[in-house]
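Single-letter residue listing:
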Amino acid sequence: MSKTPPSKGPQGPSRRAVLAGSAALTASLFTPKSLLAQDFPTAEVNTTGLAVTDDTVTVGILHSITGTMAISETGSVQAEKLAISQINAQGGILGRKIEVIQEDGASDWPTFAEKARKLLVNDKVASVMGCWTSASRKAVLPVFEQHNGFLYYPTFYEGLEESPNVIYTGQEATQQIIAGLDWVKETKGANSFYLLGSDYIWPRTSNKIARKHIENFLGGKVVGEDYYPLGHTQFNSVINKIRLKKPDVIYAIVVGGSNVAFYKQLKAAGIDMTAEDPILLTISVTEDEILGIGGENMEGAYACMKYFQSLDNENNLAFVSAFKEMWGDDIVIGDVTQAAYLGPWLWKAAVEKAGSFDVDKVRAASPGIELTTAPEGYVKVHENHHLWSKTRVGLAKLDGQYDVVFETEELVEPDPFPEGYQ
Amino acid sequence: MTFSKNSLFTRQELIGFIVLAAIIFLLLPAVLDNFRLNLFGKYLTYAFVAVGLALCWGAGGILSLGQGVFFGLGGYCMAMFLKLEASTPENTSIQSTPGIPDFMDWNQLTELPFWWVPFHSLTIALIAVVIVPVTFALIIGVAMFRRRVGGVYFAIITQAFAAILTILIIGQQGFTGGVNGITDLRTLKGWDIRTDEAKEVLYFVNAFLLFGVLLIAQFVRKSKLGRILIAMRDQEDRVRFSGYDVASFKIFIFCLGAAFAGIGGAMFTLQVGFMSPTLVGIVPSIEMVIFCAVGGRLSILGAVYGALLVNWAKTSFSESFPELWLFGLGGLFIAVVMLFPNGLAGIWTEQIMPRITKLWAARAGAVAPIPATSTEEEGAI
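Residues numbered from 1 in each chain as written. Chains lettered and ligands numbered in written order. Predicted model: local features only at pLDDT ≥ 70, side-chain atom pairs only at ≥ 80, totals over all residues.

## Brief notes about the overall build of chain B
And then number 1: Assigned secondary structure in chain B consists of 15 helices and two strands.
And then number 2: Seen along its three principal axes, the alpha-carbon backbone of chain B occupies a region of about 80 × 50 × 45 Å.
And then number 3: Looking at chain B as a whole, 45% of its 381 residues are labelled buried.
And then number 4: Taking the intrachain contacts of chain B between residues at least 6 apart in sequence as the baseline, contacts between residues at least 24 apart amount to 78%. (Helix = DSSP H or I, 4+ residues; strand = E, 2+ residues; numbered from the N terminus. Buried ≥ 20, exposed ≤ 12 C-beta atoms within 10 Å, placed from the backbone. Contact = placed C-beta atoms within 7 Å.)

## A word on the sheet that holds strand β7 (residues 221-228) of chain A
All names here are of chain A.
And then number 1: Strand order in the open sheet formed by seven strands is β7-β6-β8-β9-β10-β14-β15, and the pairing between neighbours is mixed. The sheet is open, and its two edges are formed by β7 and β15 (402-407), each paired on a single side. Each strand axis lies, on average, 25 degrees off the axis of its neighbour in the sheet, ignoring direction.
And then number 2: Here two bridges tie strand β9 (residues 279-282) to strand β10 (residues 302-305), and the two strands are oriented parallel to one another. Paired with Leu281 across the strands is Tyr302, a residue of β10.
And then number 3: Of the strands in this sheet, β6 (192-198), β7 and β8 (249-253) are in contact with helix α8 (residues 236-245), which crosses β7 at around 175 degrees. (Pairing = 2+ DSSP bridges. Axes fitted to C-alpha atoms, helices over the stretch in contact; angles between N-to-C directions.)

## A look at the interface of chain A and chain B
And then number 1: Taken together, the contact between chain A and chain B spans 31 residues of the former and 29 residues of the latter.
And then number 2: Among the secondary structure elements, those contributing two or more residues to the side of chain A that touches chain B are β2 (97-104), α4 (109-122), α5 (134-146) and α7 (201-217) of chain A.
And then number 3: A per-element tally of the side of chain A that touches chain B places α4(A) first, with eight residues.
And then number 4: For the side of chain A that touches chain B, the residue count by class is 15 nonpolar, seven polar and nine charged. (Nonpolar A, V, L, I, M, F, W, Y, C, P; charged D, E, K, R; others polar.)

## Concerning the confidence of the model for chain B
Residue and element names in this part refer to chain B.
And then number 1: Averaged over all residues, the pLDDT of chain B is 88; the fraction at 70 or higher stands at 94%.
And then number 2: Note that pLDDT drops below 50 for residues 368-381; the model gives that stretch 29 contacts with residues more than four away or on any other chain.
And then number 3: With pTM at 0.85, the complex prediction returns an ipTM value of 0.80. (pLDDT = per-residue confidence, 0-100.)

## Regarding the confidence of the model for chain A
And then number 1: With 92% of its residues at a pLDDT of 70 or more, chain A shows a mean pLDDT of 89.
And then number 2: Long-range and interchain partners of residues 1-31 of chain A, a stretch whose pLDDT sits below 50, account for 56 contacts in this model, where long-range means more than four residues apart.

## Description of the environment of A:Pro418
Residue and element names in this part refer to chain A.
And then number 1: Mapped onto the elements, Pro418 comes out in the segment after β15.
And then number 2: Note: C-alpha distance between Pro418 and Gly159 (259 residues apart in sequence) is 8.8 Å.
And then number 3: Each residue touching Pro418, except ones within four places of it in the same chain, is listed here: Thr174 and Ile209.

## So, the domain arrangement of chain A
Residues and elements named next belong to chain A.
And then number 1: As far as domains go, chain A holds domain 1 (25-171 + 310-367 + 375-388) and domain 2 (173-305 + 394-407).
And then number 2: Measuring from the centre of the C-alpha atoms in domain 1 to the corresponding centre in domain 2 gives 31 Å.
And then number 3: On the domain 2 side, the residues contacting the 16 residues of domain 1 number 18 residues.
And then number 4: Counting residues per element, the ones that place at least two in the side of domain 1 that touches domain 2 are α3 (70-89) and α13 (335-354).
And then number 5: Within the side of domain 1 that touches domain 2, the residues separate by chemical class into seven nonpolar, seven polar and two charged. (Domains from an automatic or database assignment.)

## Notes on the packing of α3(A) against α13(A)
Residue and element names in this part refer to chain A.
And then number 1: Direction vectors running N to C along α3 and α13 enclose 35 degrees, while the axes themselves pass 7 Å from each other. Like other packed secondary-structure pairs, α3 and α13 cross with a definite hand, here right-handed. From α3, Gly75, Ser76, Ala79, Glu80, Leu82, Ala83, Ile84 and Ile87 reach across to α13, where they touch Val336, Thr337, Gln338, Ala340, Tyr341, Gly343, Pro344, Trp345 and Lys348.
And then number 2: Of the residues belonging to the contact of α3 with α13, the class tally is ten nonpolar, five polar and two charged. (Left-handed = near helix turned anticlockwise from the far one by under 90°.)

## Points about unusual backbone geometry
Leaving glycine out, the prevailing phi sign among residues is negative, and the prevailing peptide bond configuration is trans.
Residues and elements named next belong to chain A.
And then number 1: The peptide bond linking Asp277 to Pro278 adopts the cis configuration, its omega dihedral lying at 0 degrees.
And then number 2: A positive phi is found at Lys124, a non-glycine position, where the angle reads about 55 degrees.
And then number 3: As for its placement among the helices and strands, Lys124 is situated in the loop between α4 and β3 (128-130).

## A short note on the environment of B:Phe114
And then number 1: In this fold, B:Phe114 is placed in the loop between α4 (102-106) and α5 (122-145).
And then number 2: For the pair formed by B:Phe114 and B:Phe40, sequence separation is 74 residues and the distance between their alpha carbons is 36 Å.

## Let's talk about the sheet that holds strand β5 (residues 166-168) of chain A
Residue and element names in this part refer to chain A.
And then number 1: In spatial order, the strands read β2-β1-β3-β4-β5; together these five strands make up an open sheet with parallel pairing. Of all strands in the sheet, those with a lone pairing partner are β2 and β5, marking the two edges. Strand-to-strand twist across the sheet, computed as the mean angle between neighbouring axes with direction ignored, equals 25 degrees.

## Side note on helix α11 (residues 246-272) of chain B
Residue and element names in this part refer to chain B.
And then number 1: The end-to-end C-alpha distance of α11, which contains 27 residues, comes to 39 Å, matching closely the 39 Å that a straight helix rising 1.5 Å per residue would cover.
And then number 2: A large share of α11 lies buried, amounting to 22 of its 27 residues.
And then number 3: Where α11 ends, the next residue or the one after it, Gly273, has phi of about 90 degrees, a positive value. (Expected span 1.5 Å × (residues − 1).)

## Here's the deal with the pairing of β10(A)
In regular strands, side chains alternate between the two faces of the sheet.
Residue and element names in this part refer to chain A.
And then number 1: Side chains Tyr302 and Cys304 of β10 all project onto a buried face; the interleaved residues Ala303 and Met305 project onto the opposite face, where all are buried too.
And then number 2: Here β10 pairs with strand β14 (residues 392-396) via four bridges, running antiparallel. Residue Ala303 lies in a different strand from β14, and its bridge partner there is Gly394.

This is how it looks when you write it as structure tokens:
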């Protein structure tokens, strides 16, 4: 694993990107110097027939707003719409207002592929913010590569992918996992781990990385590893196994509705997470999931990801209040929602750096793009299309929020094909 | 040309076939751009399943809520071949074990499982597209129909099979691609299936196959077998007492439906470019029954229209009203079932066709041969 400080790479920060970016959340404080459309004639900024006019540019939003994934993906849609409305309020991109065509993936992977093709072929959108599950991303990937579309994908995911047509704004697995395991080893002296997860590619790949790191780098041991089908609700047998093996850490990557059953049964079985015996560390429970699980069932657990709603910095305070103003006071913001919010801003910065909406030029301009205004703090796009970002550990509280108890000092380098972890 | 009761088509059935052929081969390619045509190609793959259901359910009275299983098996057989072709050692050089499908590598498999090996051959894959679903249907059919399990119980058991197969595919992700399915399929014997021209060619291949399937279905309906099926549906015991082996007929028609579904699944994989367990499970299986019901379960042509209409409605509702479209679709189903219990085909045979026949008779004089529309249900095309 490597943690390198964010060097001011060969490109350095694009002045335009930083300017535009810093204006993002403090728009009320000063009027940003917006770019004028007449300085960027349509014929020059759009040579490939995208949906760009003299005063508008069209982007697609492709998430599930119906079906089982709707509950997870709604936050991403809201974040993307918020970012787009803020960008428009500042004058848009290259002087053009962003118009949105939203399509529903309906939690169905063939539908995602169909709608992706529709957005790219029929609507000629300049970029797409979308997808959530790995399966939906895998379904649209060939479509984006064939029609040379550009996708901003917000979810933390398993890695093992590096498409020229995707910018991954969430963390890949090593970024999310390794720092958290190092932390629990160093501060809590943890040596034995019980890995468990829902049965699909992300938890399995993540646990594979976790196991290699525990065994080869931390000198700890894995005392058990179990998987349960998506939607599984009977965790009593694994909870009994955990009590027999007495691990220092339960490393849980349970997703979706199974979480509710898992944490309730854990509590009912007398495992008190606030006593840290054992410690519970998860990478799959954001504030959104706690709404379903209930703060009282989650209190005392640790989560490892890059963003928590409680982050105390100026960018985040402005983001949270703008989000609540647009979508209501009751709303909570999880890791993926924040990552989705970055998509439109990263695209804006890349387009302005490239001086063009052409996908090839935006792609070429993307590595090195920096956002100083991200709610999670400073982020930067890596050559491999993932983001440099900090990893944080949060302690779940009764009210459903996390207290940030640790953050990496430097940005963690994204490494979607980690050597030694395969 | 006269249309006797024994020829393959009555006149109105022939008209129905010609109209559908004109729509699929001429009208749709003429008015639709490539993207929409590809979408209709996808809808037509569901029509294979719906035609099979029209035979099993409409004619034979066997309601299967697990047709997605056969659709999926056919699709997976095709996808396995395409995935192996896409996973050349050059394309997969970044993997720990180059030359095997990417998802196997992610799951620490180091060699191709033995049952994947035959799928290097296109011939074997094409045979498997039909044989695997049929074998599966045969096993279910023999196990169920020989024991005289039927009706609701049979429907529930087929539904259970759909659930089991989904769980199996998701659980064995090293061998099947898990919940992501088998994705990123590229070429068929070196021919890139992702290009616009390829999609157009595949649309027509699909359409021809569908008409082949329709002709087989029509032949079955018109044969003695078809009449026995209907007799079985209406009075199973009488048929049994007359000395017929009811179970064998049921097994045959169930296997035939499975073969149709398997071909549809393979065409789906070719046109959409991937296969995943979401097409195997309970929800898609029930959707396929809905296509059949909307089209009119008694009519094989109705089944095709049903698959086209429902899917087209799904696409266009969801494009126009991304947040409300499911309600619109629900409304459509309720309306069809309440107002037209025999589906689209019912509207045609009960409302439109009699009028055309009357007009025809008036023009040609009283001696025009009037086709056998006598019995209310069988009159459906």
